[in-house]
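# Residue-level structural notes
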Amino acid sequence: MVHSIYSNKDSFLRELISNASDAADKLRIEGLRDKDLDVDISDLHIRLTPDAQARTLTVSDNGIGMSRDEVVDLIGTVAKSGTDELRRALADSSEENADALIGQFGIGFYSVFMVADRVTMVTRKAGESVGTRWESTGDGTYTLDDAPDAPQGTAITLALKPVDDDDAVHDYADQTVLRRLVTKYSDFISWPIRMTVTRPVPLDDAGSEEGAEDGERTEPTVEEVDETLNSQKALWARPRDEVSEQEYADFYRHVSHAWDDPLETITVRAEGTFEYQALLFIPTQAPFDLFMRERTSGIHLYVKRVFIMDDADELMPEYLRFVRGVVDAADLSLNVSREILQQDRQIRAIRRRLVKKVISSIQQIQDQRPEDYTTFWSNFGRVFKEGLMSDQDNAQAILKASVFASTRSDDEPTTLDDYISRMSSEQDVIYYMTGESRTQIEKSPHLEAFRAKGIEVLLLSDPVDEVWVGAVPEFDGKQFVSVAKGVVDLDGDADESDTDATSQRDEQFAPLLSWLGETLADDVTQVRLSSRLTDSAACLVGDAFSMTPQLEKLYRASGQEVPTSKRILELNPDNALVTALRTAFESGDDHTTLIPAARLVHATAVLAEGGDLEDPAEIARLLAATLTENLG
Ligand code: ADP
Ligand code: MG
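Residues numbered from 1 in each chain as written. Chains lettered and ligands numbered in written order. Predicted model: local features only at pLDDT ≥ 70, side-chain atom pairs only at ≥ 80, totals over all residues. Heavy atoms only, no water.

## Structural notes on the site of ligand 1
Around ligand 1 there are 12 residues in total, and Asn19, Ala23, Asp61, Phe109 and His257 lie nearest to it. At 3.4 Å from a nitrogen atom of ligand 1 is found a side-chain nitrogen or oxygen belonging to Thr154. His257 places a polar side-chain atom, nitrogen or oxygen, 2.5 Å from an oxygen atom of ligand 1. Here ligand 1 has 530 Å² of accessible area as a free molecule, and 89% of this is covered by the chains. Sort the elements by how many residues they give to the shell around ligand 1 and helix α1 (residues 11-33) lands first, with three residues. Per-class residue counts for the shell around ligand 1 are five nonpolar, four polar and three charged. (Near = heavy atom within 4 Å. Polar contact = N/O pair within 3.5 Å; in protein donor to acceptor, adjacent residues only side chain to side chain. Areas by Shrake-Rupley, 256 points an atom, 1.4 Å probe, with all protein chains shown as cover. Helix = DSSP H or I, 4+ residues; strand = E, 2+ residues; numbered from the N terminus. Nonpolar A, V, L, I, M, F, W, Y, C, P; charged D, E, K, R; others polar.)

## Regarding a positive patch on the surface
Judged by side-chain charge, Arg345, Arg348, Arg352 and Lys356 come together as a positively charged surface patch. Looking at where Arg352 falls in the secondary structure, it is placed in helix α10 (residues 345-368). (Patch = residues over 30% accessible without salt bridge, like charges linked within 9 Å, V, L, I, M, F, W, Y side chains within 5 Å. Salt bridge = Lys/Arg side-chain N within 4 Å of Asp/Glu carboxyl O. Lys, Arg positive; Asp, Glu negative; His and termini not counted. Charge placed at Lys NZ, Arg CZ, Asp CG, Glu CD.)

## A few points about unusual backbone geometry
The residue Arg55 is not glycine, and still its phi comes out positive at about 50°. You can see Arg55 is positioned in the loop between β1 (46-51) and β2 (56-61). Residue Arg55 is classed as partly exposed on the basis of its relative accessible area of 22%. Positive phi, close to 45°, is recorded for Lys304, a residue that is not glycine. Here Lys304 lies in the loop between β11 (299-303) and β12 (306-309). (Buried < 20%, exposed > 50% of the residue type's maximum accessible area, 1.4 Å probe, protein only.)

## Some thoughts on the nonpolar core
Counting 75 residues, the largest nonpolar core has Leu301, Phe322, Phe376, Phe384 and Trp468 as the members making the most contacts within it. Counting residues per element, this core draws most heavily on α10, at eight residues. Shared between two domains, this core holds at least three residues of each, these being domain 2 (235-374) and domain 3 (403-482). Setting aside its immediate chain neighbours within four residues, Phe322 contacts Phe281, Ile282, Pro283, Leu290, Ile362, Phe376, Phe380, Val383 and Phe384. By size, the runner-up hydrophobic cluster in this structure holds 64 residues, among which are Phe12, Leu16, Leu37 and Val112. (Core = buried A, V, L, I, M, F, W, Y, C linked by side-chain atoms within 4.5 Å. Domains from an automatic or database assignment. Contact = heavy atoms within 4.5 Å.)

## Topic: the pairing of strand β3 (residues 116-124)
Of the pairings in the sheet, the one linking β3 to strand β6 (residues 153-160) comprises eight bridges and is antiparallel in character. Of the residues in β6, the one forming a bridge with Met121 is Ile156. Relative to strand β4 (residues 131-136), β3 runs antiparallel, the two sharing five bridges. Bridge assignment links Val119 to a residue of β4, and that residue is Ser136. Hairpin connection, β3 to β4: the antiparallel pair is bridged by six residues, and Gly127 has positive phi, about 95°. (Pairing = 2+ DSSP bridges.)

## Digging into helix α11 (residues 370-384)
With 15 residues, α11 should cover 21 Å at 1.5 Å per step; its first-to-last C-alpha distance of 17 Å lies more than 12% under that length. The sharpest bend along α11 reaches about 55° and sits at Ser378. Buried within α11 are the following residues: Tyr373, Phe376, Trp377, Phe380, Gly381, Val383 and Phe384. (Expected span 1.5 Å × (residues − 1). Bend = angle between axes of the 7 residues up to and from the residue.)

## A few points about the sheet that holds β3
Pairing within the open sheet is mixed, and its eight strands lie in the order β5-β4-β3-β6-β2-β1-β7-β8. Every interior strand has two partners, whereas the edge strands, β5 (143-147) and β8 (222-228), have only one. The average angle at which neighbouring strand axes cross in this sheet is 20°, direction not considered. Looking at chain direction, strand β7 (residues 193-200) and β8 are connected through seven bridges and run antiparallel. Counterpart to Arg199 in the pairing with β8 is Glu223. (Axes fitted to C-alpha atoms, helices over the stretch in contact; angles between N-to-C directions.)

## Here's the deal with empty space enclosed by the protein
Applying the stated rule across the entire model yields one cavity of 30 Å³ or more. In this structure, the largest cavity spans a volume of roughly 120 Å³. As for the largest cavity, its lining consists of 15 residues, and the residues nearest its centre are Ala484, Thr548, Pro549, Gln550 and Arg567. Sorting the residues of the lining of the largest cavity by element identifies β16 (429-434) and α19 (549-557) as the ones contributing at least two each. Tallied by class, residues from the lining of the largest cavity come to four nonpolar, eight polar and three charged. Residues from two domains meet in the lining of the largest cavity; each of domain 3 (403-482) and domain 4 (496-631) gives at least three. (1 Å grid on protein atoms, 1.4 Å probe; cavity = no way out; pocket = protein on both sides within 12 Å on 5 of 7 lines; lining within 4 Å. Points joined across faces, edges and corners; volume = space filled by probe spheres on them.)

## With respect to the packing of aromatic side chains
The geometry of an aromatic ring pair is captured by two quantities: the separation of the ring centres and the angle between the planes. Evaluated as defined, the whole model comprises 24 aromatic pairs. Judged by centre distance (4.9 Å) and plane angle (75°), the ring pair of Phe12 and Tyr172 falls under edge-to-face. With a gap of 160 residues between them, Phe12 in helix α1 and Tyr172 in the loop between β6 and α5 (175-185) connect regions that are remote in the sequence. Per residue, the accessibility class of Phe12 equals that of Tyr172, and both read buried. Ring geometry for Trp468 against Phe480: centres 5.3 Å apart, planes inclined by 80°, an arrangement best described as edge-to-face. Separated by 12 residues along the polypeptide, Trp468 in helix α17 (residues 463-471) and Phe480 in strand β19 (residues 478-482) bring together distant segments of the chain. Here the guanidinium or amino end of Arg14 rests over the ring plane of Trp259, the centre of that ring lying 5.1 Å away. We note Arg582 situated over the ring of Phe509; from NZ or CZ to the ring centre the distance is 4.9 Å. (Phe/Tyr/Trp six-rings, centres within 6.5 Å; stacked < 30°, edge-to-face > 60°. Lys NZ or Arg CZ within 6 Å of the ring centre and 35° of its normal.)

## A word on the layout of surface pockets
By volume, the second largest pocket amounts to about 730 Å³. Elements represented by at least two residues in the lining of the second largest pocket include exactly α19 and α21 (595-608). At five residues, α19 tops the list of elements feeding residues into the lining of the second largest pocket. In terms of residue class, the lining of the second largest pocket is made up of eight nonpolar, eight polar and 13 charged.

## A word on the sheet that holds strand β10 (residues 276-283)
Read from one edge to the other, the open sheet built from five strands follows the order β9-β10-β13-β11-β12, with strand pairing classed as mixed. What marks the edges here is a single partner per strand, and that holds for β9 (262-270) and β12. Each strand of the sheet is rotated relative to its neighbour by a mean of 20°, with strand direction disregarded. Running at roughly 140° to β9, α10 makes contact with β9, β10 and β13 (324-329) of the sheet.

That's the geometry; what it means functionally is another story.
Now the structure itself:
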């Protein structure tokens, strides 16, 4: 069996170093902001202390540290993911898939239990006098004690599991292994990562020339020196062709606290009036909090290589909140505040450019890497489409880089460009229908004539679709038209005789339609003949600007008052039920006996589109009565 010299388990070290680096960043900023805080920020660093005899490894930092409450909140339980689910899953899982679980939930600190049987953390928060000692074997319980002598910062000591190359647990008490792992995973960390190493004293220093003259062999003299293991080079400042994909991936995991690989790496470099560099990533996996109100945002702001803040929302709009990375702006002040950021023209200009760059990268993935695009779309498509409402300037580019389900294929969504390329010469608009699910939309009677004529219709079933179709009128000069709204005219250039036949038919139906209009006045605004039905008797449509019932529902779900808008009832003049109704209507003067039938036709239209009847019990009663009459 060949063992890889790197393993998933190695990543515990990356996680601990990443946390220590964050802690140093925080203390530096706190130290600058709060002049009364009595801390030394002149030599912030991270230290690795392996002990081969005791088989322990200590990772320490002199960063911000944690208060006792913070230890309980942040470390005490698997707090970040917030899920009992994870803890249960961890408890139930075998050792091997514990790794996978930890990876999936991306809980940084807890990855230590992949390699340690017991972990002790001693920490003291900057500005506090007493520290805290936390200890756990990773079984979901822990002990807490005061640590009166704790130095400021955090030291995490792992009692290492036995080395097991079969299980890819390497010797993390070995300096060579540690040096290799730091170079590989954490080289870009901006604080020095130090390790005390022993090395032979260079000859001149030890003055061993005299010893040599004696001709005696003296004991080799060794000395302890601090070695800095990482180069501390900012990745975003290096030319792209000098950085490997692996280095970018590790940096991505550091800034985003994630465990996956980036789907796309984007570099931006601006020179001139204001200088900045950006290194952005589109993740492969969606973070668990993508749809939560309280979520982490992904852009870290630096000023000339110095970390300023880690959730610079101002640099990326909400709808691109899955983007992670770093922006380093040369001309901002080091003590720039959030309030200043919000108003800063330079920040706005950077954001505009980054947004365009991200959208064009997504476009490129769509054009060149179909599989990656599918991954992107299934994770972030719904979020990306939010931009259609909030970013009018880029709406066309967002639409172009999006895909939509359509009647053409059951499983392969289409781009709008492809949709347009398939349109016949008579079609000059893009047809769509919204609804709660694809299945529901597909069953709706509104699609019948489109299906019969082979006209492709987009099937939009994300909640966000209901909203953006109202906000973006067209794509590439082609209007978006709902098949469930307004009058559809699918025979645009019908000839004379057709028109004659149509107007004759309109005359024949006019009395029935106006009687139905009065009878159903509580439910509909109008009853008219339809050109969108081939099989069904009836369907409901809105006028061109009305809200769909789904959109009304969405608004209500978000707590807004929305009146139910009445819709238009359309009848299919070729349907047997409709012609029978007309015959019955024409054969007598007392139309009251037809009222139940009228109400049932309306109810059928509501049910056919998956809608909610206002009074289901009443309809059930009418239906039962009608059936009884027919059977009797
Ligand atoms: P994440 O880094 O994604 O927030 P972790 O599980 O790695 O998740 O760490 C949880 C939290 O514990 C961190 O956000 C931080 O607040 C705190 N923490 C962890 N390590 C340290 C440290 N060395 N110094 C200070 N705080 C730390
Ligand atoms: Mg972490």
